[in-house]
Amino acid sequence: MADTMIEADGLFKSYGETRALAGVSFSVPAGSVLGLLGPNGAGKTTAVRILTTLALPDAGQARVAGIDVLAHPAAVRRQIGVAAQDATLDGLLTGRQNLVLVGELSGMRTGQARTRAAELLELFELADAADRVVKGYSGGMRRRLDLAASLLMRPPVLFLDEPTTGLDPVSRQRVWEVIRDLTGSGVTLLLTTQYLDEADALADRIVVVNHGQVIADGTPRELKERSRSAHVEVTLAEPEPGAAGVIAPLVGGRVSVSAHGLRLSAAVDTAPGLATALVRALDQAGMLVDNIEVRQPSLDDVFFALTGANVPGHDNGSGATGTSAGLGGPGAGVAELESEGAQA
Amino acid sequence: MTPAIAQRPRDAAGTRPITHSAAERVRNVVSMTRRNLVHISREPMQLSDVTIQPVLFTVLFIYLFGGAIPIPGGGSYTDFILAGLLTLNLVTSTMGTAVGLATDLHEGIIERFRALPMWRPAVLVGRSLADLLTACLCALVVAVTGLAVGWRTSAGPLPIIAGFALVLFFAYSLSWVAACVGLNGKSPESAASFGFIVLFPLAFVSNVLVPTQHMPGWLQVMADWNPVSAVTAGARQLWDNPNPSASIAAWPMQHPIEASLAWSVLILAVAAPLASRYFRRRTTE
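Quick summary incoming for the structure in this document. (Residues numbered from 1 in each chain as written. Chains lettered and ligands numbered in written order. Predicted model: local features only at pLDDT ≥ 70, side-chain atom pairs only at ≥ 80, totals over all residues.)

The next point concerns the packing of helix 3 (residues 48-65) of chain B against helix 4 (residues 77-93) of chain B. All names here are of chain B. The geometry of helix 3 relative to helix 4 is characterised by a closest axis approach of 10 Å and an angle of 145 degrees between their N-to-C directions. As for how helix 3 packs across helix 4, the hand of that crossing is right-handed. Along its contact with helix 3, which presents Asp49, Val50, Gln53, Pro54, Phe57, Thr58, Phe61, Ile62 and Phe65, the element helix 4 presents Tyr77, Thr78, Ile81, Leu85, Leu88, Asn89, Thr92 and Ser93. Looking at the contact of helix 3 with helix 4 residue by residue, the class counts come to ten nonpolar, six polar and one charged. (Axes fitted to C-alpha atoms, helices over the stretch in contact; angles between N-to-C directions. Helix = DSSP H or I, 4+ residues; strand = E, 2+ residues; numbered from the N terminus. Left-handed = near helix turned anticlockwise from the far one by under 90°. Contact = placed C-beta atoms within 7 Å. Nonpolar A, V, L, I, M, F, W, Y, C, P; charged D, E, K, R; others polar.)

As a further point, take the interface of chain B and chain A. Taken residue by residue, the interface counts 31 residues in chain B and 40 residues in chain A. Secondary-structure elements contributing two or more residues to the side of chain B that touches chain A are helix 1 (2-12), helix 2 (22-42) and helix 6 (109-115) of chain B. When grouped by side-chain class, the residues that make up the side of chain B that touches chain A number 16 nonpolar, six polar and nine charged.

Further remarks concern the environment of Gly95(A). Residues and elements named next belong to chain A. The residue glycine 95 is located in helix 3 (residues 95-105) in this model. Overall, glycine 95 belongs to the buried group, with 28 C-beta atoms counted inside 10 Å. Once residues within four sequence positions are removed from consideration, glycine 95 is found in contact with Leu121, Leu126, Ala129, Ala130, Arg132, Val134 and Leu145. (Buried ≥ 20, exposed ≤ 12 C-beta atoms within 10 Å, placed from the backbone.)

Another point: helix 6 (residues 169-183) of chain A. Under the 1.5 Å per step criterion, the end-to-end length of helix 6 of chain A is 21 Å for 15 residues, consistent within 8% with the ideal 21 Å. At its buried positions, helix 6 of chain A is contacted by helix 5 (139-151) and helix 7 (196-202) of chain A. (Expected span 1.5 Å × (residues − 1).)

This part is about the sheet that holds strand 5 (residues 67-68) of chain A. Residue and element names in this part refer to chain A. Within the open sheet, the four strands sit side by side as 2-1-4-5. Their pairing is antiparallel. Either end of the sheet is taken by a strand with one partner, and the two such strands are strand 2 (18-29) and strand 5. Pairing geometry for strand 4 (residues 59-64) and strand 5, over two bridges, is antiparallel. The partner of valine 64 across the bridge, within strand 5, is isoleucine 67. Strands in contact with helix 1 (residues 44-51) are strand 1 (4-15), strand 2 and strand 4; relative to strand 1, the strand with the most contacts, it is inclined by about 120 degrees. (Pairing = 2+ DSSP bridges.)

Moving on: the nonpolar core. Membership of the largest hydrophobic core comes to 151 residues, with the highest contact counts inside it found for Leu51(A), Val64(A), Ala148(A) and Ala98(B). In terms of residue count, the dominant contributor to this core is helix 8 (residues 157-184) of chain B (14 residues). Of the residues that make up this core, three or more belong to each of domain 1 (4-224) and domain 2 (228-343) of chain A. The contacts of Ala148(A), once residues within four sequence positions are left out, are Leu99(A), Leu120(A), Leu121(A) and Phe124(A). (Core = buried A, V, L, I, M, F, W, Y, C linked by C-beta atoms within 7 Å. Domains from an automatic or database assignment.)

Residues and elements named next belong to chain A. Backbone geometry places arginine 154, a non-glycine residue, at a positive phi of 45 degrees. You can see arginine 154 is positioned in the loop between helix 5 and strand 7 (157-161). According to the C-beta neighbour criterion, arginine 154 is exposed, with 11 such atoms within 10 Å. Of note, the phi angle at glutamate 162 is positive, near 45 degrees, even though the residue is not glycine.

Right, let's talk about the sheet that holds strand 7 of chain A for a bit. Residues and elements named next belong to chain A. As summarised here, the arrangement of the six strands in space is 6-7-8-3-9-10, forming an open sheet in which the pairing is mixed. One side of each edge strand has no neighbouring strand; the edge strands of this open sheet are strand 6 (80-83) and strand 10 (213-218). The mean inter-strand angle of the sheet, taken between neighbouring strand axes irrespective of direction, is 15 degrees. Where strand 3 (residues 33-37) lies against strand 8 (residues 188-193), five bridges are found, and the strand directions are parallel. Of the residues in strand 8, the one forming a bridge with glycine 35 is leucine 191.

Next up, the structure:
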């Protein structure tokens, strides 16, 4: 199992003036899931395109299933399943016809391809829509059909480029379930995402890319430990204008106050007895505390710390971690505005 | 399970490149052809240029020009023009190949094809075969419409079929030129302009609609050496229809069948490899 199934070694790629990859290296052991995480334009898709023989790197090496991607692209194509970011389906064919076509073009006999297509349509809950033209499918249905197409040949290596981008929460959960089932079956999976919770939920290891470079690499847990900051949130019984000033010295950072003045939050270094100290200080100031929560860093915090920038669009899908408003994304700007208001 | 799977490609890699057997290639081409035919069945209006247009052209030209154009050497204009209409319709319909390929390149589906272990030229061959099948439908429509408005031939069944085959073969070779255009166009719309800029002049500056005898000298030379004229004269000769070009000294007009076959083979030999090179270039980044 220690075999490396996907290997990127010093990949460089430019499109005209735009440098998409500036020396990206990572590897994925057989049977594991790698989450390639980064904002839009980080180079995730370019890396996937090179590994799936769709693009040639300007420099660097790539191996998939032990095969040199540059020297033997045709051999690599027999080992991989690919679900690209934009669903790559034939809109004028039905879902079933799409799958049968992909099967036939992959070397299956028509009968074989039909059986496998029926199986996958059932698995992805597309059986009812199987004989409808794909042009009329919803975004979630297209994604699932695209996933089904990538699984048709039961490939040992699978590439999913942002499999849930643009999906509603229900479709997203469904895609997650499918991916979880897959990972139990020994498939090696590379998954790109701009959603931290998605990488956290599905990946064994995470490689964070930004501006075409790897800026972090580790298990979700290791990455969280690397960012030492935790997050504290205090809910008061009634609005207290002075509360932010009371806890500010203890948390050593900026305190955000919610619009109604009841909730205070701040990034903190984890310290023993922090919650006790905060409650005591507020109590001494005559303020009633309803609730206090010290939260370990989420990948949002990690990502924010690593890139020093907002995470475009990550807010769209933050529901699944169950955390309150994360640090990255559009929420961050609001929190800072509030905090400035509180300090003024 | 995984180690066993990982082992297999390692043995295959490096020792010999993966190739496709003839049977695999044929199966890929059949799949792609079928796909393109399904497309046509979904949007039947795509077929208008091989169904409605031939009927319109046939009726229009025969009744508009029929009485006004004398045929050197005699014979009816209806019998004269039918081979011309067949060529005209088939030549202009090759525009569909350009538009179809350009459309494919703009859809995500081409990415799917590229990541599959398929025989890639099947994308092009499947397109050209589907277009050949619609061209056959077009030929049938022209023939039936022609018969309905009075076209007659005294030739036997074999020469009649040979006449249709001659024109269809030329259209097939021309569809590879259209493929080159479609693969180089920026969009399906720009591929469509190929029809108006290249195909219409090519089809009209010929003996398709009128005998070339009455053209100005320079134009007549162009028309007599235009492959479209050779193909049309070839069909007329095979069908025993009026063929005024037979009295013209230019070599292609004296040997129209040989000339049109030569043109078709030449065009195919140049355009097909060129198209697959453009395809490779267009799908490499």
